[in-house]
Amino acid sequence: MTIALTIPAQPHALGALTVRRVLPGRARQMVGPFIFMETGGPADIPRHLARGVPEHPHAGLSTFTYLIEGAIHHRDSAGFSETIRAGDIALMTAGRGIAHEELPADPTSPLGEHVHFAQMWLALPDKLEEMAPAFEFHRAADLPERTDGGCTVRIAMGTAWGLDAPTTCHVPTLFADLRLDAGAALELQAEYEELAILVLEGDAVLGDTSLSEAALHILKPQPPALRTSGGCRALLLGGARFASSRVIGGSFVASTEDKLRGWMRQAQLGKFPRIPRPQPLERS
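Reading guide: rules and limits
Residues numbered from 1 in each chain as written. Predicted model: local features only at pLDDT ≥ 70, side-chain atom pairs only at ≥ 80, totals over all residues. Heavy atoms only, no water. Helix = DSSP H or I, 4+ residues; strand = E, 2+ residues; numbered from the N terminus. Buried < 20%, exposed > 50% of the residue type's maximum accessible area, 1.4 Å probe, protein only. Contact = heavy atoms within 4.5 Å. Core = buried A, V, L, I, M, F, W, Y, C linked by side-chain atoms within 4.5 Å. Phe/Tyr/Trp six-rings, centres within 6.5 Å; stacked < 30°, edge-to-face > 60°. Pairing = 2+ DSSP bridges. 1 Å grid on protein atoms, 1.4 Å probe; cavity = no way out; pocket = protein on both sides within 12 Å on 5 of 7 lines; lining within 4 Å. Points joined across faces, edges and corners; volume = space filled by probe spheres on them. Nonpolar A, V, L, I, M, F, W, Y, C, P; charged D, E, K, R; others polar. Axes fitted to C-alpha atoms, helices over the stretch in contact; angles between N-to-C directions. Polar contact = N/O pair within 3.5 Å; in protein donor to acceptor, adjacent residues only side chain to side chain.

Q: Describe the overall build of the protein chain, and please don't skip the residues or the numbers.
A: Scanning the protein chain for helices and strands turns up one helix and 26 strands. In terms of its C-alpha atoms, the protein chain occupies a principal-axis envelope of roughly 70 × 45 × 35 Å. Residues classed as buried in the protein chain amount to 53% of the 284 residues present. Considering only contacts within the protein chain whose residues lie at least 6 apart along the sequence, 70% involve residues at least 24 apart.

Written as structure tokens, this is what we have:
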């Protein structure tokens, strides 16, 4: 066997969309720094239901939405505003506290939204839990990519297949987008303590194990090549085993229960930063 554990997705509603959560799971909380992961779509959301995700706070983590298809607009309390499209990576590090929202990229379009995405949180190490909030953005065209033998790999975080992504990693981290043509095989050249793979579409086999779509498959060390008969697309993620335990609650991740309760209390009291809004013009 090459799979240490398979975490089945837990579906739940996010507005008009059904999303499938794979982390944290009952049997496994984290893979490297990844402590939260869910996927949504592909789906078409009618315009009157395409409202995005309203303003909410985070602390103790970094977050990013990786778009497989579609586009969203990110805005946060640190003043960053960016439209994120398929293949881009926008890494928001909350540190001691930030608020953000994710809105339709074109709210005036009568056609609604086509969405397909993976949403992830990465825990921050103890010494960076209360760092100043930060945001960085990299276009898909600026991320390293290679194609060989019917396999295309794009590295959004970390280093693998001789490619090194420009994205900041607060601990050793890997996030890669894999696309295999029919009949292709890909050696998983990624030297990280913990790795997992999630198949977005198509058929995929690792050793003698067929990988089901949407579930998260935790890999054993030195896995065999990933193979497909009809073609597939998958996400490979992981990193260094986290040095200390984490607790998660609401939209916060912390190294201690006391710190988590403190952040949740701040949120209840409305003490987190708010996204700046345009001031109404004064009438003379």
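Q: Outline the nonpolar core, listing residues and values.
A: Judged by nonpolar contacts, the single largest core of 28 residues is most densely connected at Trp161, Leu178, Leu188, Leu226 and Leu236. Breaking this core down by element, the ones donating at least two residues are β14 (151-157), β17 (173-180), β19 (194-202), β20 (204-206) and β24 (232-239). At four residues, β17 tops the list of elements feeding residues into this core. What tryptophan 161 contacts, discounting residues up to four positions off in sequence, is Arg146, Val153, Ile155, Ala176, Leu178, Leu186, Glu187, Leu188, Gln189 and Leu236. Judged by nonpolar contacts, the second largest core, of 25 residues, contains Val22, Tyr66, Leu91 and Phe175.

Q: For the packing of aromatic side chains, give the residues involved together with the corresponding values.
A: This model, assessed by the stated rule, comprises six aromatic pairs. For the ring pair phenylalanine 64 and phenylalanine 175, a centre distance of 5.2 Å and an interplane angle of 85 degrees mean the geometry is edge-to-face. Of the two residues, phenylalanine 64 sits in strand β6 (residues 61-69) while phenylalanine 175 sits in strand β17, which places them 111 residues apart along the sequence.

Q: Pulling in residues and values, what's your account of the pairing of strand β10 (residues 98-104)?
A: Extensive coverage of β10 is indicated by the burial of six of its seven residues. In terms of strand pairing, strand β5 (residues 53-58) meets β10 through four bridges, oriented antiparallel. What sits directly across from histidine 58, in β10, is isoleucine 98. As paired strands, strand β7 (residues 71-76) and β10 are joined by five bridges and run antiparallel to one another.

Q: Give a detailed account of the layout of surface pockets, specifying residues and quantitative values.
A: By volume, the largest pocket is sized at about 750 Å³. Together, 34 residues line the largest pocket, and Leu14, Gly52, Val53, Glu102 and Phe117 are the ones closest to its centre. Counting residues per element, the ones that place at least two in the lining of the largest pocket are β2 (10-14), β3 (17-23), β4 (34-45), β5, β6, β7, β10 and β11 (113-123). In terms of residues, the lining of the largest pocket owes the most to one element, β11, which gives five residues. Residue composition of the lining of the largest pocket, by class: 19 nonpolar, ten polar and five charged. By volume, the second largest pocket amounts to about 330 Å³. Together, 16 residues line the second largest pocket, and Tyr192, Glu193, Lys220, Pro221 and Gln222 are the ones closest to its centre. Among the elements of the structure, β19 and β22 (216-219) are those that each provide at least two residues to the lining of the second largest pocket. Looking at the lining of the second largest pocket, its residues break down into nine nonpolar, one polar and six charged.

Q: Go over the sheet that holds β3, please, and point to the residues and values.
A: The seven strands lie next to each other as β2-β3-β4-β11-β6-β9-β12, forming an open sheet whose pairing is antiparallel. Of all the strands in the sheet, the pair left with one neighbour each is β2 and β12 (134-138). Geometrically, the sheet is characterised by an average inter-axis angle of 20 degrees between neighbouring strands, direction not taken into account. In the sheet, β2 pairs with β3 via five bridges, with the strands oriented antiparallel. Counted as the bridge partner of leucine 14 is leucine 17 from β3.

Q: Summarise the environment of histidine 138; cite the residues concerned and give the values.
A: Following the sequence through the fold, histidine 138 ends up in strand β12. Spatially, the C-alpha atoms of histidine 138 and glycine 87 are 9.1 Å apart, while their sequence positions differ by 51 residues. Histidine 138 has contacts with Asp88, Ile89, Leu143, Pro166 and Thr167, leaving out every residue within four places of it along the chain. Here the side chain of histidine 138 touches glutamate 136 through a polar contact of 2.8 Å, side chain to side chain.

Q: An account of the side chain of threonine 173 is requested, with residue identities and associated values reported.
A: Relative to the elements of secondary structure, threonine 173 occurs in strand β17. The exposure class assigned to threonine 173 is buried, which follows from its relative accessible area of 2%. Of the polar contacts made by the side chain of threonine 173, one reaches the backbone oxygen of valine 171; its length is 2.7 Å. If we ignore the near neighbours within four places in the chain, the residues touching threonine 173 are Pro33, Phe34, Leu122, Met157, Gly158, Tyr192, Gly238 and Gly239.

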